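# Per-entry structural report
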Amino acid sequence: MSTPLLRIEGVWKTYHAHPVLRGVDLDVAQHEVVCLIGASGSGKSTLLRCVNVLETVDDGAIYLEDDDITDPGADPDQLRKRIGMVFQSYNLFPHLSVLDNITLAPLKVHRRPRAEATEQAHELLKRFGLADKAGEYPDRLSGGQQQRVAIIRAMATRPSLLLLDEVTSALDPELVTEVMGIIRELKESGMTMILATHEMGFARDIADTVCFLHDGVLLEHGPAAQIFEDPKEPRTREFLHRVLESRRL
Ligand code: ADP
Ligand code: MG
């Protein structure tokens, strides 16, 4: 097998003497879509934040295309240029138009020519059904549209890896599908992604690999169908059962 795009090796992260990640190992191949599932507080966001160099790790290492991103000498800004991240709260700049939100990083961080950045932004907006919103300000858009813009903004820097942390959790149910649609299309275009999600149906549908985190331990991972239909760990089974039950209420 070829080298993975991302390799997470024995990662530990502790906050105030409380271990939040406990020896997490995970390889992500190019074009693979990995979903992180697990109860609130199990460490999903922390793991994504470690990958995006927003947190330092206490032990272990993370490699992106063979570069050790956990090396204290590595430049986080350089590494982050190769990784896109989208959060639950879209974090668009309210004082910038949709177009300016999208072109900001390509212009300022990646130093691309304005004409090229603008053209690419328009292409992405068109591709994701927001061509008429380029000049709009974020507060004039629905939550679903804002989140789609946030994903487009992350894609505009042409990252090797896209991290999505609960990107549908703040949305009204009727807006969730439009955001899932864009993620599905990114998968079809070959984008490598790691998503933390509470949407089990979506995880099952989109993930190549599903990882179940429990108290900072990656207890089980495998193909989506196996994790959802035949989980090996009792804790995975309990979690899935609980999620299903809560849906029925
Ligand atoms: P998840 O995304 O699965 O809900 P998190 O990664 O956000 O889980 O959190 C895992 C644990 O780490 C939780 O107990 C949380 O309270 C704790 N935690 C997360 N971030 C911090 C922080 N900056 N300082 C202290 N504790 C934190
Ligand atoms: Mg989280």
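Our subject in this report is the structure included herewith. Counting starts from 1 at the beginning of each chain's written sequence and moves along it residue by residue. Working convention: letters from A go to chains and numbers from 1 go to ligands, in the order in which they are written. Only residues with pLDDT of at least 70 get local features here, since the model is predicted, and only at 80 or more are side-chain atom pairs given and counted; chain-wide, interface and lining totals rely on the full set of residues. Side-chain calculation: all heavy atoms of the structure are included, whereas hydrogens and water are not.

A run of DSSP states H or I qualifies as a helix once it reaches four residues; a run of E qualifies as a strand once it reaches two. Both are numbered from the N-terminal end. Here a helix's expected span is defined as the number of its residues, less one, multiplied by 1.5 Å. An ideal rise of 1.5 Å per residue puts 20 Å on 14 residues; helix H4 (residues 114-127) measures up with 20 Å between its terminal C-alpha atoms. Within H4 the residues assigned to the buried category are Ala117, Gln120, Ala121, Leu124 and Leu125. Projected down its long axis, H4 carries its buried residues within an arc of 135°, all on one side. Opposite the buried face of H4, by more than 90 degrees, sit the exposed residues Ala115, Glu119 and Lys126. Following H4 by one or two positions, glycine 129 has its phi on the positive side, about 70°. Residue burial is assigned from relative accessible area. The probe radius is 1.4 Å, only protein chains are included, and a residue is buried under 20% of its type maximum, exposed over 50%, and partly exposed in between. Directions pointing from the helix axis toward each C-beta atom define the arc.

Before going further, it helps to examine the packing of helix H5 (residues 143-155) against helix H6 (residues 173-188). Axis angles are defined between N-to-C directions and span 0 to 180 degrees, where every axis is a line fitted to C-alpha atoms and, for a helix, only to the segment in contact. Viewed as axis vectors pointing N to C, H5 and H6 meet at an angle of 20°, and their least axial separation amounts to 8 Å. Here H6 runs roughly parallel to H5, going by the angle between their axes. You can see that H5 and H6 cross each other, and the crossing is right-handed. Here H5 contributes Gly143, Gly144, Gln145, Gln147, Arg148, Ile151, Ile152 and Met155 to the contact with H6, which in turn contributes Leu175, Glu178, Val179, Ile182, Ile183 and Leu186. Each residue receives one of three labels: charged for Asp, Glu, Lys and Arg, nonpolar for Ala, Val, Leu, Ile, Met, Phe, Trp, Tyr, Cys and Pro, and polar for the others, Gly being one of them. Looking at the contact of H5 with H6 residue by residue, the class counts come to 8 nonpolar, 4 polar and 2 charged. Here the angle decides the label: under 35 degrees means roughly parallel, over 145 means roughly antiparallel, 65 to 115 means roughly perpendicular, and every other value means oblique. By the definition used in this description, the sense in which the near helix is turned from the far one sets the handedness, with an anticlockwise turn below a right angle giving left-handed and a clockwise turn giving right-handed. Working rule for contacts: check all heavy atoms of both residues, and any pair within 4.5 Å makes them a contact.

A pair of strands is considered paired only if DSSP assigns at least 2 bridges between the two. Within the open sheet, the 6 strands sit side by side as E6-E7-E8-E3-E9-E10. Their pairing is mixed. Of all the strands in the sheet, just strand E6 (83-86) and strand E10 (217-223) have a single pairing partner and so form its edges. On average, each strand axis in the sheet is inclined to that of its neighbour by 15°, with strand direction left out of account. Of the pairings in the sheet, the one linking strand E7 (residues 161-165) to strand E8 (residues 193-196) comprises 4 bridges and is parallel in character. Counted as the bridge partner of leucine 162 is methionine 193 from E8. Running at roughly 155° to E8, H6 makes contact with strand E3 (33-37), E7 and E8 of the sheet.

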